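What the coordinates show
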Amino acid sequence: MSNDMISRKKKKVSSKTKQKHVVAVGVFDILHEGHVHYLSFAKKQGDVLTVIVARDANVMRAKGYAPIMNERQRRNMVQSLRAVDHAVVGSRKDKLGMIVSLNPSIVVVGYDHPTSASDLEKALAERGVDAHVLRAPAFKKKVFKSSLIKKKIVQSFQNTST
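Just so you know, these numbers come straight off a predicted model, no measurement behind them.

Concerning the overall build of the protein
Helix and strand counts for the protein come out as seven helices and five strands. The contacts of the protein with a sequence gap of at least 6 include a subset with a gap of at least 24, amounting to 73%. Within the structure as shown, the protein displays about 9600 Å² of accessible surface, and the carbon and sulfur contribution to it stands at 55%.

What follows is the structure, encoded as structure tokens:
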């Protein structure tokens, strides 16, 4: 099912049943317990949780490197989590495009998301989306952060190869 089909289906479900639709966003490279905590928090904010997984090209532009897992793999992993009702890959050209098309009641971002909640709320309002934006609390941020896990993996390999 394409992202567009999921989006249309989601709008119909949310409008018919008056469910509170929550959207969470992220890269989700090297899925870990911190991600599970984040998405469980997001799910508790409403009835239906859709997760937008960042496009590979957008990750490359924002972070300067490609994710280890490609966007399809990351979306599939996120979709398999209990808290997640739907997982889609974000827009290629417009990082807010998928949020705008889903038109959620609430958007949840990770504790380390670079945009402030108020700035994101304002940007969405300018595009006709009346969503409350929340920042999820950190969960053991000195342990469960993808960049730290990647460093630990590299160090582990360096220690075994010498």
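Some remarks on the nonpolar core
Judged by nonpolar contacts, the single largest core of 31 residues is most densely connected at Leu-39 and Val-51. The contacts of Leu-39, once residues within four sequence positions are left out, are Ala-24, Phe-28, Leu-49, Val-51, Val-78, Leu-81, Ala-83 and Val-84.

Things to note about the pattern of salt bridges
This model, assessed by the stated rule, comprises four salt bridges. With a closest N to O distance of 2.5 Å, Lys-43 and Asp-85 form a salt bridge. Taken together, the residues Lys-43 in helix 2 (residues 33-43) and Asp-85 in the loop between helix 4 (71-79) and strand 3 (86-89) connect sequence positions 42 residues apart. For Arg-127, the salt bridge goes to Asp-94, with nearest N and O atoms at 2.5 Å. Placement of Arg-127 in the loop between helix 6 (117-126) and strand 5 (132-135) and of Asp-94 in the loop between strand 3 and helix 5 (97-102) is noted, with a sequence separation of 33 residues between them. Judged by relative accessible area, which is 38%, Arg-127 ranks as partly exposed.

Describing the environment of Ile-68
Here Ile-68 shows up in the loop between helix 3 (56-63) and helix 4. You can call Ile-68 exposed: its relative accessible area is 55%. When the C-alpha positions of Ile-68 and Asp-56 are compared, they lie 9.5 Å apart, and in sequence the two are twelve residues distant.

Some thoughts on the sheet that holds strand 3
Read across the sheet, five strands follow the order 3-2-1-4-5 without closing on themselves; strand pairing throughout is parallel. Here the strands that pair on one side only, and so sit at the sheet edges, are strand 3 and strand 5. For this sheet the average axis-to-axis angle between neighbouring strands, irrespective of direction, equals 25 degrees. Of the strand pairs in this sheet, strand 4 (residues 106-109) and strand 5 are connected by four bridges, and their pairing is parallel. The partner of Val-108 across the bridge, within strand 5, is Leu-134. The strands touched by helix 6 are strand 4 and strand 5; relative to strand 5, the strand with the most contacts, the crossing angle is about 155 degrees.

With respect to helix 2
Taken together, the buried positions of helix 2 are occupied by Gly-34, His-35, Tyr-38, Leu-39 and Ala-42. Projected down its long axis, helix 2 shows its buried positions confined to an angular sector of 125 degrees, all on one face.

What about unusual backbone geometry?
For Ile-30, which is not glycine, the phi dihedral falls at a positive 55 degrees. Here Ile-30 is to be found in the loop between strand 1 (21-26) and helix 2. For Asn-103, which is not glycine, the phi torsion reads 50 degrees and is therefore positive. Structurally, the position occupied by Asn-103 is in the loop between helix 5 and strand 4. In this structure Asn-103 comes out as partly exposed when scored by relative accessible area, which is 43%.

A word on the pairing of strand 4
Here strand 4 shows no split at all, with Ile-106 and Val-108 on one side and Val-107 and Val-109 on the other all buried. The sheet contact formed by strand 1 and strand 4 spans three bridges and is parallel. Considered in strand 4, the bridge of Ala-24 is made with Val-108. Taken together, strand 4, helix 6 and strand 5 form a β-α-β motif whose crossover is right-handed.

Definitions and cut-offs
Per-chain numbering applies: the sequence of each chain, read as written, is numbered from 1 onward. Per-residue local features are limited, in this predicted model, to residues with pLDDT of at least 70; the limit for side-chain atom pairs, both in listing and counting, is 80 or more; totals at the level of whole chains, interfaces and linings are taken over all residues. Side-chain descriptors were evaluated using all non-hydrogen atoms of the structure, hydrogens and water having been removed beforehand. Helix numbering and strand numbering both begin at the N terminus, where a helix is a DSSP run of H or I of at least 4 residues and a strand a DSSP run of E of at least 2. We call two residues in contact when some of their heavy atoms are within 4.5 Å. Exposure was quantified through the Shrake-Rupley algorithm and a 1.4 Å probe, taking into account, for residues, occlusion by the shown protein chains and nothing else. What is meant by a nonpolar core is a set of buried Ala, Val, Leu, Ile, Met, Phe, Trp, Tyr and Cys residues, joined one to another through side-chain atoms within 4.5 Å. For the exposure calls, accessible area comes from a 1.4 Å probe over protein chains only, and a residue counts as buried if that area is under 20% of its type's maximum, exposed if over 50%, partly exposed in between. What counts as a salt bridge is simple: a side-chain nitrogen of Lys or Arg found within 4 Å of a carboxyl oxygen of Asp or Glu. By definition, two strands form a pair when at least two bridges between them are found by DSSP. Note on geometry: axes are lines fitted to C-alpha atoms, helical ones only across the stretch in contact, with angles between N-to-C directions running from 0 to 180 degrees. Of all possible arcs, the one meant is that of the directions from the helix axis to the C-beta atoms. Here a crossover is taken to be right-handed if, once the strands point away from the viewer, the path from the first strand over the helix to the second is traced clockwise.

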